[in-house]
Amino acid sequence: MGRHKIVASKKRIPKLKLNPRRRERLIEIVGILLIGIALLALAALLSKDVGFVGGIMKNILHYIFGQNGSFIPAIFIAFMGGLLLWQRNVSFLRRSLS
């Protein structure tokens, strides 16, 4: 009986091929969504009556980053969203979307 060599085939993930106009629109949408999430997180952290979603977000941020450090992720997310809106040629996106 012959021995068969089992070779795992590597499936390549197809790259998203978007025309420049669609790519720009996608980046703008992601930037706006990031800024919106960051504003929701900041509103949840700053107010006392935050509602259901804000309360969950506030509790998660306080649990992971502590009372004072919970503002850092919200500010970072807002910063990344701003980068996507004002500087559309961000290097990590060029590689993943082109």
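What you see is a predicted model, and the numbers here were worked out from it, not measured in a lab.

Student: Please give an account of the packing of helix 1 (residues 20-46) against helix 3 (residues 71-86) that cites residues and values.
Tutor: Relative orientation of the contacting elements helix 1 and helix 3 amounts to 155 degrees, with a least axis distance of 8 Å. On the basis of their axis angle, the class for helix 1 and helix 3 is roughly antiparallel. Helix 1 and helix 3 meet at a crossing whose hand is left-handed. Note on element contacts: helix 3 touches helix 1 through Phe71, Ala74, Ile77, Ala78, Met80, Gly81, Gly82, Leu84 and Leu85, opposite Ile27, Glu28, Val30, Gly31, Ile32, Leu34, Ile35, Ala38, Ala41, Leu42, Leu45 and Leu46. When the residues that make up the contact of helix 1 with helix 3 are grouped by side-chain class, the tally is 17 nonpolar, 3 polar and 1 charged.

Student: Describe the environment of Leu33, naming the residues involved and giving the relevant values.
Tutor: Positionally, Leu33 belongs in helix 1. Looking at Leu33, the relative accessible area reads 52%, which means it is exposed. Taking the C-alpha atoms as reference, Leu33 lies 7.5 Å from Gly81; in sequence the two are 48 residues apart.

Student: Quick one: what's the story with a nonpolar patch on the surface, residue by residue and with numbers?
Tutor: A cluster of nonpolar side chains, contributed by Leu40, Phe52, Val53, Ile56, Ile60, Tyr63, Ile64 and Phe65, occupies part of the molecular surface with about 890 Å² of accessible area. For the nonpolar patch, the element with the most residues is helix 2 (residues 51-69), which contributes 7 residues. Residue placement: Phe65 occurs in helix 2. For Phe65, a relative accessible area of 43% corresponds to the partly exposed category.

Student: An account of helix 2 is needed here, citing residue identities and associated values.
Tutor: For helix 2, which comprises 19 residues, the first-to-last C-alpha distance of 21 Å sits more than 12% below the rise-based estimate of 27 Å (1.5 Å per residue). Remark: the principal bend of helix 2, roughly 85 degrees, maps to Tyr63. All of the buried residues in helix 2 are Gly54, Gly55, Leu61 and Gly69. In this fold, the buried residues of helix 2 make contact with helix 1 and helix 3.

Student: Requested: an account of the packing of helix 1 against helix 2, with residues and values cited.
Tutor: Where helix 1 meets helix 2, the closest approach of the two axes is 9 Å, and the angle between their N-to-C directions is 85 degrees. If you check the angle between helix 1 and helix 2, you find them roughly perpendicular. Along the contact surface, helix 1 presents Ile37, Leu40, Ala41, Ala44 and Leu45, while helix 2 presents Val53, Gly54, Met57, Lys58, Leu61 and His62. Of the residues that constitute the contact of helix 1 with helix 2, the class distribution is 8 nonpolar, 2 polar and 1 charged.

What counts as what
Residues numbered from 1 in each chain as written. Predicted model: local features only at pLDDT ≥ 70, side-chain atom pairs only at ≥ 80, totals over all residues. Heavy atoms only, no water. Axes fitted to C-alpha atoms, helices over the stretch in contact; angles between N-to-C directions. Helix = DSSP H or I, 4+ residues; strand = E, 2+ residues; numbered from the N terminus. Parallel < 35°, antiparallel > 145°, perpendicular 65-115°, else oblique. Left-handed = near helix turned anticlockwise from the far one by under 90°. Contact = heavy atoms within 4.5 Å. Nonpolar A, V, L, I, M, F, W, Y, C, P; charged D, E, K, R; others polar. Buried < 20%, exposed > 50% of the residue type's maximum accessible area, 1.4 Å probe, protein only. Patch = residues over 30% accessible without salt bridge, like charges linked within 9 Å, V, L, I, M, F, W, Y side chains within 5 Å. Areas by Shrake-Rupley, 256 points an atom, 1.4 Å probe, with all protein chains shown as cover. Salt bridge = Lys/Arg side-chain N within 4 Å of Asp/Glu carboxyl O. Expected span 1.5 Å × (residues − 1). Bend = angle between axes of the 7 residues up to and from the residue.

Keep in mind these numbers describe shape, not what the thing actually does.
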